[in-house]
Amino acid sequence: MADFTYEDIYELLRGEKYSTDLQPITPELLKKICLYFELKQELMQKQKESALFEKSSRDQLKPEIENATRALRDLYERREKKIINRAIFTARSDFKIKDTTNFLPAEEKMYLCMIDILREATDGFFNSIKNAGVKKAEEPATETDTPRLASRIAASSGFTAPLSQGVTRRVRALSPKT
């Protein structure tokens, strides 16, 4: 396996930062990242145990590991935000096709779950309006009864798109016929 460096991790972050689409991350790349961290941790442990290494080389290794960890966290958060925005767009627009290109398996699972949650929340919101908010006392509350969930997800992702055609159709269905 070829050497993997902090610069490679930073290049992944840069690619994700300046692209609107998710950048591909292969299983081999994930293995290289994992190996990079294992080797750096091992090297840091050896440096602590040995007096042969200068203090300056030990002082340089710790910030490199911290910076690489921070870059990976930023990479994840950028990917997460793109996935959340894509799920919101898909749920609002009633697209039947779900584009999961360049998703990791865990990201795809999150995306599909979010679409379902957002659609259930939207339906629950409009059903509560349609039923004038009247609820039978014996019915237990469910997760679909909390339309605030969709609002929280949208607000946290910074998504501020206008209402989609799907939402507009639901509002029209609730309006009195003239």
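Residues numbered from 1 in each chain as written. Predicted model: local features only at pLDDT ≥ 70, side-chain atom pairs only at ≥ 80, totals over all residues. Heavy atoms only, no water.

Quick notes on the packing of aromatic side chains
As a reminder, the rule being used: Two rings from Phe, Tyr or Trp (for Trp, the six-membered ring) form a pair when their centres are within 6.5 Å of each other. A pair whose planes differ by under 30 degrees is stacked, one over 60 is edge-to-face, and the rest are tilted. Runs of E in the DSSP output that reach at least two residues are strands. Runs of H or I that reach at least four are helices, and both are numbered from the N terminus.
The final tally for this structure, using the stated rule, is 5 aromatic pairs. Between Phe-4 and Tyr-36 the ring centres are 6.4 Å apart and the planes differ by 75°, which places this aromatic pair in the edge-to-face class. You can see Phe-4 sitting in the segment before α1 (6-17) and its partner Tyr-36 sitting in helix α2 (residues 27-49), a full 32 residues away along the chain. On the numbers, 5.0 Å between centres and 80° between planes, the contact of Phe-125 with Phe-126 is edge-to-face.

Observations regarding the environment of Met-44
Short version of the rule: Only protein chains enter the accessibility calculation, which uses a 1.4 Å probe; a residue is then buried when its area is under 20% of its type maximum, exposed when over 50%, and partly exposed in between. Every residue pair with non-hydrogen atoms within 4.5 Å of one another is taken to be in contact.
Within the fold, Met-44 resides in helix α2. A relative accessible area of 16% means that Met-44 is categorised as buried. Between the C-alpha atoms of Met-44 and Ile-65, which are 21 residues apart in sequence, the distance is 9.5 Å. Those residues in contact with Met-44 that lie beyond four places of it in its chain are Leu-61, Lys-62 and Ile-65.

Structural notes on helix α4 (residues 105-130)
Test applied: Expected span, for any helix, means 1.5 Å times one less than how many residues it has.
With 26 residues, α4 ought to run about 38 Å at 1.5 Å a step, and its terminal C-alpha atoms sit 38 Å apart, in line with that. When we look at burial in α4, the residues that qualify are Glu-107, Tyr-111, Met-114, Ile-115, Leu-118, Arg-119, Ala-121, Thr-122, Gly-124 and Phe-126. A positive phi of about 55° marks Ala-132, the residue just after α4.

Topic: α2
Its 23 residues give α2 an end-to-end C-alpha distance of 33 Å, which sits within 8% of 33 Å, the value for a rise of 1.5 Å per residue. Regarding α2, the residues found buried are Leu-29, Ile-33, Tyr-36, Phe-37, Lys-40, Met-44 and Gln-47.

Some words on the pattern of salt bridges
To keep it simple, the criterion reads: One speaks of a salt bridge when a side-chain nitrogen belonging to Lys or Arg is within 4 Å of a carboxyl oxygen belonging to Asp or Glu.
One pass over the structure, following the stated rule, counts 8 salt bridges. The partner of Glu-16 in a salt bridge is Lys-82, with the nearest N and O atoms 2.8 Å apart. Note that Glu-16 is positioned in helix α1 and Lys-82 in helix α3 (residues 55-93), a separation of 66 residues in sequence. The burial state of Glu-16 is the same as that of Lys-82; both residues are buried. Where Arg-78 meets Asp-74, a salt bridge forms, and the shortest distance between an N and an O atom there is 3.6 Å.

Observations concerning the confidence of the model for the chain
Short version of the rule: Confidence scores per residue from the predictor, reported as pLDDT, run from 0 to 100.
Within the chain, residue pLDDT values average 79, and 69% of them lie at 70 or more. Contacts for the low-pLDDT stretch residues 143-147, under 50 throughout, to residues beyond four places or in other chains number 8 contacts.

Observations regarding the environment of Leu-118
Its place among the elements puts Leu-118 in helix α4. The exposure class of Leu-118 is buried, given its relative accessible area of 5%.

Thoughts on the side chain of Arg-119
Note that Arg-119 resides in helix α4. Residue class for Arg-119 comes out buried when judged on its relative accessible area of 19%. Arg-119 has contacts with Thr-90, Ala-91, Asp-94, Phe-95 and Lys-98, leaving out every residue within four places of it along the chain.

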